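So the chains spell out like this:
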Amino acid sequence: MIGIIDYGMGNLHSVTKALERLGHRCFLSEKPHELEKATQLILPGVGSFKDGMIELEKRQLDVFIKDWAEKGNPLLGICLGMQLLFEKSEENGLSNGLNLLPGHVTRFKEGAYKIPHMGWNRLTFNDPTHPILHDVPEGYVYFVHSYFVNAKERDVLVATADYGGEQVPAVVAKKSVWATQFHPEKSSEVGMRMLRNYVNQKGVATYE
Amino acid sequence: MLTKRIIPCLDVKEGRVVKGVQFVNLRDAGDPVELAAFYDEQGADELVFLDISASHEGRETMVDVVEEVAGTLAIPFTVGGGINTLEDMKRILRAGADKVSLNTAAVTRPELIREGADFFGSQCIVVAIDAKWDDTLSSWFVYTHGGRRKTERDVITWAQEAVSQGAGELLVTSMDEDGEKQGFDEALTKKVSEAVSVPVIASGGAGNQQHFYDVFTNGKADAALAASIFHYRETSVAEVKKFLREKGLEIR
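Residue numbers run consecutively from 1 along every chain, following the written order of its sequence. Ligands are numbered from 1 and chains lettered from A, in the order in which they are written. Under the rules for a predicted model, residues below a pLDDT of 70 receive no local features and side-chain atom pairs below 80 are neither given nor counted, while totals for whole chains, interfaces and linings still include all residues. The side-chain numbers reported here are obtained from all heavy atoms of the structure, hydrogens and water having been left aside.

**Student:** Outline the packing of aromatic side chains, supporting the account with residue identities and numerical values.
**Tutor:** All names here are of chain B. Aromatic pairs are defined between Phe, Tyr and Trp rings, using the six-membered ring for Trp, whenever the two ring centres lie within 6.5 Å; interplanar angles under 30 degrees are classed as stacked, those over 60 as edge-to-face, and all others as tilted. Enumeration over the complete set of coordinates arrives at 13 aromatic pairs over all chains. Plain terms: the ring middles of phenylalanine 49 and phenylalanine 77 are 5.8 Å apart, the flat faces sit at 65° to each other, and that makes the pair edge-to-face. Here phenylalanine 49, found in strand 3 (residues 47-51), pairs with phenylalanine 77, found in strand 4 (residues 77-80); they are 28 residues apart in sequence, far enough to count as distant. Accessible area is worked out with a 1.4 Å probe on protein chains only. A residue is then buried under 20% of its type maximum, exposed over 50%, and partly exposed in between. In this structure phenylalanine 77 comes out as buried when scored by relative accessible area, which is 0%. Put simply, the rings of Phe38, Tyr39, Phe184, Phe212 and Phe230 touch in pairs and so form one group of aromatic residues. By the criterion adopted, a ring carries a charge over it if an Arg CZ or a Lys NZ lies within 6 Å of its centre and within 35 degrees of its normal. Here the basic side chain of lysine 150 rests over the ring of phenylalanine 141, its NZ or CZ set 4.6 Å away from the ring centre. Here a strand is any run of E in DSSP of at least two residues, a helix any run of H or I of at least four, and the numbering for each starts at the N terminus.

**Student:** Report on the sheet that holds strand 10 (residues 147-151) of chain A, specifying residues and quantitative values.
**Tutor:** Residue and element names in this part refer to chain A. Note: two strands are recorded as paired if DSSP finds a minimum of 2 bridges between them. Strand order in this open sheet of four strands is 6-5-7-10, and the pairing throughout is mixed. Strands at the two margins of the open sheet, each flanked by one partner only, are strand 6 (95-96) and strand 10. As judged from the five bridges shared by strand 7 (residues 101-107) and strand 10, these two strands associate in the antiparallel manner. Residue pairing across strands places threonine 106 opposite phenylalanine 148, the latter belonging to strand 10.

**Student:** So what about empty space enclosed by the protein? Which residues, and what values?
**Tutor:** Residues are said to line a cavity or pocket when one of their atoms sits within 4 Å of a point; the points come from a 1 Å grid over protein atoms alone, cavities being sets where a 1.4 Å probe fits but cannot get out and pockets being open sets with protein on both sides within 12 Å along at least five of seven lines. Grid points are joined across faces, edges and corners, and a volume is the space filled by probe spheres set on the points. This model, assessed by the stated rule, comprises two cavities of 30 Å³ or more. The space that makes up the largest cavity amounts to roughly 240 Å³. Forming the walls of the largest cavity are 20 residues, and the residues nearest its centre are Val46(A), His183(A), Glu185(A), Asp98(B) and Gln123(B). Residue polarity is assigned by list, with Asp, Glu, Lys and Arg as charged and Ala, Val, Leu, Ile, Met, Phe, Trp, Tyr, Cys and Pro as nonpolar; anything else, Gly included, falls into the polar class. When the residues that make up the lining of the largest cavity are grouped by side-chain class, the tally is ten nonpolar, six polar and four charged. In this structure, the second largest cavity occupies an estimated 30 Å³ of space. Lining the second largest cavity are Ile7(B), Glu46(B), Val48(B), Thr78(B), Val126(B), Glu169(B), Leu171(B) and Ile201(B).

**Student:** Describe the pattern of salt bridges, listing the residues and the values that go with them.
**Tutor:** Pairs can form between side chains of opposite charge whenever their charged atoms are close. All names here are of chain B. Any carboxyl oxygen of Asp or Glu within 4 Å of a side-chain nitrogen of Lys or Arg constitutes a salt bridge here. Per the stated rule, a full pass over the model turns up 31 salt bridges over all chains. A salt bridge links lysine 99 to glutamate 46; the shortest N-O distance between them is 2.7 Å. Of this pair, lysine 99 sits in strand 5 (residues 99-102) while glutamate 46 sits in the loop between helix 1 (32-41) and strand 3, placing them 53 residues apart in sequence. A salt bridge links arginine 59 to aspartate 51, with the nearest nitrogen and oxygen atoms 2.7 Å apart. According to the relative accessible area criterion, arginine 59 is partly exposed, its value standing at 26%.

The values are spatial; any link to function lies outside them.
In structure tokens form, the structure reads like this:
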């Protein structure tokens, strides 16, 4: 069963419903001893990075998630859940993230374009062979965020979206850790296919 | 680059789409869940539900409707109407709405925007502004209570205040153009759009496909909302989007 990490950051209903529509059972939990029984985990979330880390730490979920991912178990971060996977963020003062992926989270530059980056934007695939993109067209997905990831390793960038000249990391992946900056559960067919590719992975850590 | 968004708006009363609107070809004319699915299929980028229920039971029903819609839609949707407290916002968002739209309650108590933005994030909080031009004072004024009460607030000043309180998006309805089908108020939309950093949804006045093009280009709107033009099948979401795409706009 798919475990959704519930750490008090935002609306988990739409992710749950989307998985149900794909025919998958899932459960919400904030307890590591329950979540460790999942076949796959999803880390969703909206809100601020700093609050997100505080809420994870309060529940000892930070240690649990790192351990889970380092063992090669599948993890999907969504929106804030993607940003939290990186080293640190400058949102509300510098704070440390889960450090599973190398890179920093920075704010969009004021003035050049509207903040938040909110709405439908087109994806550009950098790694079309990645399993999350299986049968997915290079279409539009729904973003809502004011900070974006500056990834240190280019090979984690599976797909990007151009916003005011900035190549915004949209899908990142390293081994069993996958993540999307946009909301796949709100991105119509394109997003639903990516969710399906994640939940239909065969076994654990099959992709290297 | 972001696409321009097309947003159909449904007025929901006591759990049903309000009477007087004829959705001739649909099986259950008044079911908001079926209509939501219909517009989604047509390529709507987002949906807005406006709760115009008068009774407490009607508002409770709205929560059920939101929950059901959330279970079938894979596009964002916003719920507005009768949201007065943080508790109201929680109930609607927990039921599965992606955003709430505040109008009268935000004007009466602007801190409500801040409370909502702090709790759920700015991306969840849309502030709806009903605007009407005042010839004598040469300015747009904010109206509340479904357009029945004029306030002393200037639209541009209020738009900026709402954003500084944490609004993540503004839904600006021109009362002058609403229902006239003569086009959106481009001057109003442009002025608001240039005054704030957040996306602006233009509403009121859509009569044909060209009107959408005009409000996106001249009016600098990020999204355009319409109700009757879609409900009465004068055009469809798919047709509007095709028209705009052919004109060279970025459209999903």
